Amino acid sequence: MKILKPFILICSFVLSSCKTNYRYPRFDFNNGPNPCVNAFKDRVFLSILSEAYKGTDALKEISKRDVGNPYEGIYSPELFKKIDSIGHDFYNKIPPPELCECDKGQNYFMAQALHFYASRELDSVARAELKKISTDCFKK
């Protein structure tokens, strides 16, 4: 018993010294490390929503107050067509809702669009498409 108390004390001291003080990095309002990728993903997100809310005034109302992505570094009509097709294709693949008794036409459009926006898959697609148009996005 005399040996057990110091052993417990030493173990608790060692374990408490392993505690880390990890802090999350602060959010970068200036569009992060690659504003081109963010601009690409933002346009995909809005393309999904434009398809989901087609025939409503939802996006018209949003555009009265929201000016979109502050980074205007990519501009290519061909790229915009590609981005819009990615968004429309994604919209068409959204499965019907399973967890709610939704009315016809209702779905988890915003949540699905946000999940896709945050996915590594969309990051990869954005980088690949931006490299095809040889932007200055990846030159440093």
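Predicted model only: the values in this text are computed from it and were never measured.

Right, let's get into the packing of aromatic side chains. In the structure shown here, the tally under the stated rule is five aromatic pairs. Taking the centre distance of 5.2 Å and the plane angle of 85° together, the rings of Tyr75 and Phe80 count as edge-to-face. Looking at Tyr75, the relative accessible area reads 65%, which means it is exposed. Relative to Phe116, the ring of Phe90 has its centre 4.3 Å away and its plane inclined at 10°; by these criteria the two rings are stacked.

Below, the discussion takes up the nonpolar core. Counting residues in each nonpolar core, the largest one holds 23 residues, and the members touching the most others are Phe40, Val44, Ile74, Phe116 and Leu130. Ranked by the residues each element gives to this core, the list is headed by helix α2 (residues 35-52), at nine residues. Sequence-distant contacts of Phe116, defined by excluding residues within four places in its chain, comprise Val44, Ile48, Ile86, Phe90, Glu121 and Leu122.

Moving on to the environment of Ser85. Here Ser85 lies in helix α4 (residues 77-93). On the basis of relative accessibility, which here comes to 30%, the residue Ser85 falls in the partly exposed class. The spatial distance from the C-alpha of Ser85 to the C-alpha of Ser47 is 8.2 Å, given a sequence separation of 38 residues.

Cut-offs applied
- Residues numbered from 1 in each chain as written.
- Predicted model: local features only at pLDDT ≥ 70, side-chain atom pairs only at ≥ 80, totals over all residues.
- Heavy atoms only, no water.
- Phe/Tyr/Trp six-rings, centres within 6.5 Å; stacked < 30°, edge-to-face > 60°.
- Buried < 20%, exposed > 50% of the residue type's maximum accessible area, 1.4 Å probe, protein only.
- Core = buried A, V, L, I, M, F, W, Y, C linked by side-chain atoms within 4.5 Å.
- Helix = DSSP H or I, 4+ residues; strand = E, 2+ residues; numbered from the N terminus.
- Contact = heavy atoms within 4.5 Å.

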